[in-house]
Amino acid sequence: MRSSRHAPLLLHNTMRIKEGHLEEFRRAVEQGVAFVEEHGPQLAVQVFIDDEALIAHSFQLYPDSAAIVAHWSLSDPYIREVMEHCTVERLEMYGEPEADVVGDAFRPDVAGEVPRTVVPRLIGFVRSTGDA
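Trainee: What should I look at first to understand the pattern of salt bridges in this one?
Mentor: Any two side chains of opposite charge can pair if their charged atoms end up close together. With the rule as written, the count across this model stands at five salt bridges. Via salt bridges that share partners, E23, R26 and D51 belong to a single interconnected network.

Trainee: Can you walk me through helix α2 (residues 65–83) in this structure?
Mentor: Along an α-helix, residues three or four apart share an orientation, since each turn contains 3.6 residues. Its 19 residues give α2 an end-to-end C-alpha distance of only 22 Å, which falls more than 12% under 27 Å, the value for a rise of 1.5 Å per residue. Taking the largest bend as the criterion, α2 deviates by roughly 75°, centred on S75, and proline P77 comes between one and four positions later. Inspection of α2 places S65, A67, I68, H71, S75 and V82 among the buried residues, and these make up the whole buried set. Among the residues of α2, the N-terminal cap falls to D64, whose side-chain oxygen and the backbone nitrogen of A66 are separated by 3.3 Å.

Trainee: Teacher, can you tell me more about the nonpolar core here?
Mentor: Side chains of nonpolar character tend, in soluble globular proteins, to be buried together. Ranked by size, the top nonpolar core spans 10 residues in total: M15, I17, L22, F25, A28, V29, L54, A56, V82 and C86. Of all the secondary-structure elements, those providing two or more residues to this core are β1 (9–17) and α1 (22–39). Tallying contributions element by element places α1 first for this core, with four residues. In contact with L54, not counting residues within four places along its chain, are M15, R16, I17, E19 and L22. Ranked by size, the runner-up nonpolar core spans six residues in total, among them L11, Y62, A67 and I68.

Parameters and conventions
Residues numbered from 1 in each chain as written. Predicted model: local features only at pLDDT ≥ 70, side-chain atom pairs only at ≥ 80, totals over all residues. Heavy atoms only, no water. Salt bridge = Lys/Arg side-chain N within 4 Å of Asp/Glu carboxyl O. Helix = DSSP H or I, 4+ residues; strand = E, 2+ residues; numbered from the N terminus. Expected span 1.5 Å × (residues − 1). Bend = angle between axes of the 7 residues up to and from the residue. Buried < 20%, exposed > 50% of the residue type's maximum accessible area, 1.4 Å probe, protein only. Polar contact = N/O pair within 3.5 Å; in protein donor to acceptor, adjacent residues only side chain to side chain. Core = buried A, V, L, I, M, F, W, Y, C linked by side-chain atoms within 4.5 Å. Contact = heavy atoms within 4.5 Å.

All quantities given are derived from atomic positions and should not be read as evidence of function.
Written as structure tokens, this is what we have:
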């Protein structure tokens with residue numbers, strides 16, 4: 001079954017933290033994730049930081065394409081704050097988002113020349129912690 005507007009999508013964002021901005025980056029990400037945990041549509045958000053390499057990885061699981069659009073609109077101030085302290089090195093979308101989602105996230109005028117990939121979904125499921 002191909003993904004659709006109503007199928008889960010996993011976004012992996014690889015960011016290079018600017019030299020001397022590690023603590024500011026951490027603070028901005030913590031504030032953004034706290035806001036999203038309270039108000040955002042994501043099913044899960046996980047951020048990992050390699051302090052020595054100044055590389056961060058953000059994984060966000062969305063219930064569908066519409067949730068990504070809602071997140072960008074809702075979280076824009078937090079996203080801008082994080083982006084003051086890093087540059088995006090790579091965007092990877094797992095699943096097949098609707099064209100309007102790919103069009104926004106993956107347009108060169110939005111994402112620049114950042115390498116971007118969309119990897120089609122084969123099969124899978126999402127289990128809530130209450131189901132385990």
